[in-house]
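Structural overview
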There are 2 protein chains.
Amino acid sequence: MPFCLYFDSNMVDRAKKKIDNIEHKGFIPNVSYDSVIFGFNGKQLKILILEYYNTGLFALPGGFVKRNESLDAAAERGVRERTGLDQIYLEQFYTFGSLTRSDPQAMERILEGNGMDRQAHQWMLDRFLSVSYYALINYDEVTPKPDELSDNINWYPIDELPPLMMDHNQIVNKALEVLRDNFEKKLIGMNLLPSKFTMKQLQMVYETILGKKLRRTSFQRRILGMDILERQEKLYQGKAHKAPYLYSFKS
Amino acid sequence: MPFCLYFDSNMVDRAKKKIDNIEHKGFIPNVSYDSVIFGFNGKQLKILILEYYNTGLFALPGGFVKRNESLDAAAERGVRERTGLDQIYLEQFYTFGSLTRSDPQAMERILEGNGMDRQAHQWMLDRFLSVSYYALINYDEVTPKPDELSDNINWYPIDELPPLMMDHNQIVNKALEVLRDNFEKKLIGMNLLPSKFTMKQLQMVYETILGKKLRRTSFQRRILGMDILERQEKLYQGKAHKAPYLYSFKS
DNA sequence: CTTTATTGTAATAATTTGAGACAATAGTAT
DNA sequence: ATACTATTGTCTCAAATTATTACAATAAAG
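Residues numbered from 1 in each chain as written. Chains lettered and ligands numbered in written order. Predicted model: local features only at pLDDT ≥ 70, side-chain atom pairs only at ≥ 80, totals over all residues. Heavy atoms only, no water.

1. Focus on the pairing of strand S10 (residues 245–249) of chain A
Residue and element names in this part refer to chain A. Quick note on the threshold: A 1.4 Å probe rolled over the protein chains alone gives each residue an accessible area, and that area as a share of the maximum for its type sets the label: buried under 20%, exposed over 50%, partly exposed in between. Secondary structure is summarised from DSSP: a helix means a run of H or I of at least four residues, a strand means a run of E of at least two, and numbering begins at the N terminus for each. DSSP calls a pair of strands paired once it identifies at least 2 bridges connecting them.
Burial analysis of S10 places four of its five residues in the buried class, the great majority of the element. Bridge count between strand S8 (residues 197–198) and S10: two bridges; the pairing is antiparallel. If you follow Phe197 over to S10, its bridge partner there is Tyr247. Pairing between strand S9 (residues 229–234) and S10: four bridges, direction antiparallel. Pairing of Arg231 across the sheet is with Tyr247, part of S10.

Below, the structure is given as structure tokens:
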């Protein structure tokens, strides 16, 4: 079959645009984002994991960056679509770009499992760099929604994750590392709790994320000393002991 | 001029490869890296800045990621090419992806200034995400080398930077922020010094990066208490006072 | 009205950090 | 030779911070 071996730059432009339309659907090629969405159910730290149709493959929620969309906006859009929440605490933490991270075979299985045309989505089989974000959300406010390619989306405790596709387990580990590093420095614990919470709940969050027991009195004194909490009404839990105060974060 | 409006996927593949060769020269499109290369001359913290031929434009050293090269390897290659050094302390710190960061006009000036064909390098005028790294190197061991597009490469004190193109000033600011956050936590000060150094030199590094004076005695006690230094021979500087010990980092 | 588990805060002990003090030098000046 | 000067390494004691214990104040149950 004859094919033009030389074409002028005008033709190149047009061909490129054409191929972009066919192949990338207006997305930036070779770049994706993945998000590690953390929630806290009162006892355990959990993250949202997708399961793709008919494949048994588990993955982090993620997606692609539109040509006319900022990177942050793409990640925000993704988390909003999965959780239904606006105004999410979201932080970029690393960009993964090893040569071995992409897995075209797994991607093919996902396309097949969804009955999608392999050729029309060939660009998805290419190498991708993943810009990774973590989000902290209020577990109780969320009804997770699967994406177009997936069956299922569920909370998994971070120490009971299934094997994830590609390097997603590694991404989760890095997210945890960075979260722990940033947790005290940036005072972001509130994002995992409802707007009003007890000191005990806050302490549980800290203990779970830092992975160690904290002394109740020191914790209370330290947090109150930071002058970031506002004391609200008492919470009567119907338990036979002193009722705790509720607190909310200032500003 | 007639142009094929529909082509089968095989043709798409071949066309894409062809266009990649013409346009991206084997690089991943829409992704670049930039590096903030820090050095310490004994008094000031400096970074390496490029000046492009005939444009008056200043920029961070950077480049593109080859299709068969990991992201980290690309950044390492870049820093190695600019500094001549192997085994560099290099850390990825953020990926910049706003819609406004790319500046095709500036890019055109650079291509023109270098007498390069605008059409053949049109891909460079597209939108780019920049994965940014910072490097800490031993100032005295380096003879910086300009890249293919630039005239000049020079050390600039971080508080006397010229206006840089695109969002590069913002990238430097973020690098400084992250460097300061990581500095004590990761004990990376040694990378800015020769392998043997005095306590005073190390203190100067800490003071410069943290931006505050430290108490000599407390600093010495704290650092020695960390048990990360090995004491070496004394350094006779020909000065009329007690000679300091040299230290090196353990392991 | 006593008991129980938990909460809020104060008091005290332990540890870390700050700020001087001081002896030991390596060269210079006398 | 001897005294002088600036700097270094280390020690001591004070100040501040953090850990641990103690204890009174509940809210509901028995």
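Moving on from the coordinates now.
2. Comments concerning the protein's contact with DNA strand C
Quick reminder of the rule: Residue proximity to a molecule or strand is established when one non-hydrogen atom of the residue lies within 4 Å of it. Contacts described as polar in this section are N or O atom pairs within 3.5 Å, which, within protein, must combine one atom able to donate a hydrogen with one able to accept it, while residues neighboring in sequence count only if both atoms come from side chains. Gly is placed with the polar residues, together with every amino acid not listed as nonpolar (Ala, Val, Leu, Ile, Met, Phe, Trp, Tyr, Cys and Pro) or charged (Asp, Glu, Lys and Arg).
Residues in close proximity to DNA strand C total 24 residues, the closest being Arg216 and His241 of chain A together with Arg215, His241 and Lys242 of chain B. Between DNA strand C and Ala240 of chain B there is a distance of 3.4 Å, counted from a base nitrogen to a backbone nitrogen or oxygen. When contributions to the surface near DNA strand C are tallied by element, the ones reaching two or more residues are helix H6 (216–225) and S10 of chain A together with helix H6 (216–225) of chain B. Across the surface near DNA strand C, the residue classes tally to eight nonpolar, seven polar and nine charged.

3. Concerning the protein's contact with DNA strand D
Among the 24 residues in the neighbourhood of DNA strand D, the closest are listed as Arg215, Ser218, His241 and Lys242 of chain A together with His241 of chain B. The contact atoms of DNA strand D, taken as those within 4 Å of the protein, divide so that sugar and phosphate hold 55%. Within the contact set of DNA strand D, a base oxygen lies 3.3 Å away from a side-chain nitrogen or oxygen of Thr217 of chain A. Measuring from a base nitrogen of DNA strand D, one finds a side-chain N or O atom of Arg216 of chain B at 2.8 Å. The set of elements that each furnish at least two residues to the surface near DNA strand D consists of H6 of chain A together with H6 and strand S10 (245–249) of chain B. For the surface near DNA strand D, the element with the most residues is H6 of chain B, which contributes four residues. For the surface near DNA strand D, the class distribution of residues is eight nonpolar, seven polar and nine charged.

4. Regarding the confidence of the model for chain A
Convention followed: Residue-level confidence of the predictor is what pLDDT reports, using numbers from 0 through 100. Should any heavy atoms of two residues lie within 4.5 Å, those residues are considered in contact.
Looking at chain A, the pLDDT average stands at 90 and 90% of residues meet or exceed 70. Taken together, the stretch residues 1–7 of chain A has pLDDT below 50 and engages in 10 contacts with residues farther than four places along the chain or on a different chain.

5. Looking at the packing of helix H5 (residues 199–210) of chain B against H6 of chain B
The description of two packed helices rests on the angle between their axes and on the distance between the axes. Residue and element names in this part refer to chain B. Cut-off, in case you're wondering: Helix axes are fitted to C-alpha atoms over the stretch in contact, other axes to C-alpha atoms as well, and angles between N-to-C directions run from 0 to 180 degrees. Should an angle lie under 35 degrees it is considered roughly parallel, over 145 roughly antiparallel, and from 65 to 115 roughly perpendicular; all remaining angles are considered oblique.
With their axes 11 Å apart at the nearest point, H5 and H6 run at an angle of 100° to one another. Taken together, the axes of H5 and H6 are roughly perpendicular relative to one another. Contacts from Met199, Leu202, Gln203 and Tyr206 in H5 reach Arg216, Phe219, Gln220, Ile223 and Leu224 in H6. Along the lines of polarity and charge, the residues of the contact of H5 with H6 split into six nonpolar, two polar and one charged.

6. A look at the domain arrangement of chain A
Residue and element names in this part refer to chain A. Under the convention used in this document: How far each domain reaches was decided by an automatic or database domain assignment. Take the accessible area each of two parts loses on contact, using a 1.4 Å probe, and add the two losses: that sum is the buried area. A carboxyl oxygen of Asp or Glu within 4 Å of a side-chain nitrogen of Lys or Arg is what we treat as a salt bridge.
Domain parsing of chain A yields domain 1 (16–186) and domain 2 (194–249). Put simply, the middle of domain 1 and the middle of domain 2, counted by C-alpha atoms, are 32 Å apart. Each partner contributes to the interface: domain 1 provides 10 residues, whereas domain 2 provides eight residues. Contact between domain 1 and domain 2 buries roughly 930 Å² in total, counting both sides, with carbon and sulfur atoms accounting for 69%. Its largest share of buried area at the contact with domain 2, domain 1 owes to Phe40, Phe183 and Glu184, together 55% of the area lost on that side. Scanning the region where domain 1 abuts domain 2 turns up one salt bridge. A salt bridge links Arg222 to Glu184, with the nearest nitrogen and oxygen atoms 2.9 Å apart. Tallying contributions element by element places helix H4 (residues 168–186) first for the side of domain 1 that touches domain 2, with four residues. In terms of residue class, the side of domain 1 that touches domain 2 is made up of four nonpolar, three polar and three charged.

7. Regarding the environment of Ala73 of chain B
With respect to the element layout, Ala73 of chain B can be found in helix H2 (residues 71–83). Considered as a pair, Ala73 of chain B and Met116 of chain B are 43 residues apart in the sequence and their alpha carbons are 27 Å apart.

8. Brief notes about the sheet that holds strand S8 (residues 197–198) of chain B
Here we have three strands laid out as an open sheet, ordered S8-S10-S9 (chain B), and antiparallel in their pairing. Edge positions in the sheet fall to S8 and strand S9 (229–234) of chain B, since each has one partner strand and no second.

9. Digging into the packing of helix H4 (residues 168–186) of chain B against H5 of chain B
All names here are of chain B. Formally: Left-handed describes a crossing in which the near helix is turned anticlockwise from the far one by less than a right angle; the clockwise case is right-handed.
Contact geometry for H4 and H5: axes closest at 9 Å, N-to-C directions at 145°. The crossing of H4 and H5 is left-handed. Where H4 abuts H5, its residues Leu179, Arg180, Phe183 and Glu184 lie against Val205, Tyr206, Ile209 and Leu210. Residue classes in the contact of H4 with H5 are distributed as six nonpolar, no polar and two charged.

10. A short note on the pairing of strand S2 (residues 45–52) of chain B
All names here are of chain B. The element S2 is largely enclosed, with a buried count of seven among its eight residues. Connecting the antiparallel pair strand S1 (residues 27–40) and S2 is a turn made up of four residues, with Gly42 showing a positive phi of about 105°. When S2 meets strand S7 (residues 150–157), the two strands line up antiparallel, connected through seven bridges. Its bridge partner being in S7, Leu48 is matched across the sheet by Trp155. Where S2 lies against strand S3 (residues 58–59), two bridges are found, and the strand directions are antiparallel.

11. Re the sheet that holds S8 of chain A
Strand order in the open sheet formed by three strands is S8-S10-S9 (chain A), and the pairing between neighbours is antiparallel. Strands with a single pairing partner mark the edges of an open sheet, and in this sheet they are S8 and S9 of chain A.

12. What about the pattern of salt bridges?
Scanning all chains against the criterion turns up 26 salt bridges over all chains. In this structure, the salt-bridge partner of Glu207 of chain B is Lys213 of chain B, at a minimum N-O distance of 3.7 Å. In the salt-bridge network here, residues are joined through shared partners; they are Glu69, Arg77, Glu81 and Arg82 of chain A.

13. A short note on the packing of aromatic side chains
For clarity, the threshold we go by: Stacked, edge-to-face and tilted are the three classes for Phe, Tyr and Trp ring pairs, Trp counted by its six-membered ring, which pair at centre distances within 6.5 Å; planes under 30 degrees apart are stacked, over 60 edge-to-face, the rest tilted. Whether a charge lies above a ring is judged from NZ of Lys or CZ of Arg, which has to be within 6 Å of the ring centre and within 35 degrees of the ring normal.
All told, the structure shown has 30 aromatic pairs over all chains when counted by the stated rule. Plain terms: the ring middles of Phe27 of chain A and Trp123 of chain A are 5.9 Å apart, the flat faces sit at 25° to each other, and that makes the pair stacked. Here the residue Phe27 of chain A occupies a position in strand S1 (residues 27–40), and Trp123 of chain A occupies one in the loop between helix H3 (104–113) and strand S6 (129–136), the gap between them amounting to 96 residues. Grouping residues by exposure puts Phe27 of chain A and Trp123 of chain A together as buried. One aromatic cluster is present, built from ring pairs that chain together Phe38, Tyr89, Phe93, Tyr94, Phe96 and Tyr134 of chain A. One Lys or Arg, Arg231 of chain B, reaches over the ring of Tyr245 of chain B and ends 3.9 Å from the middle of that ring.

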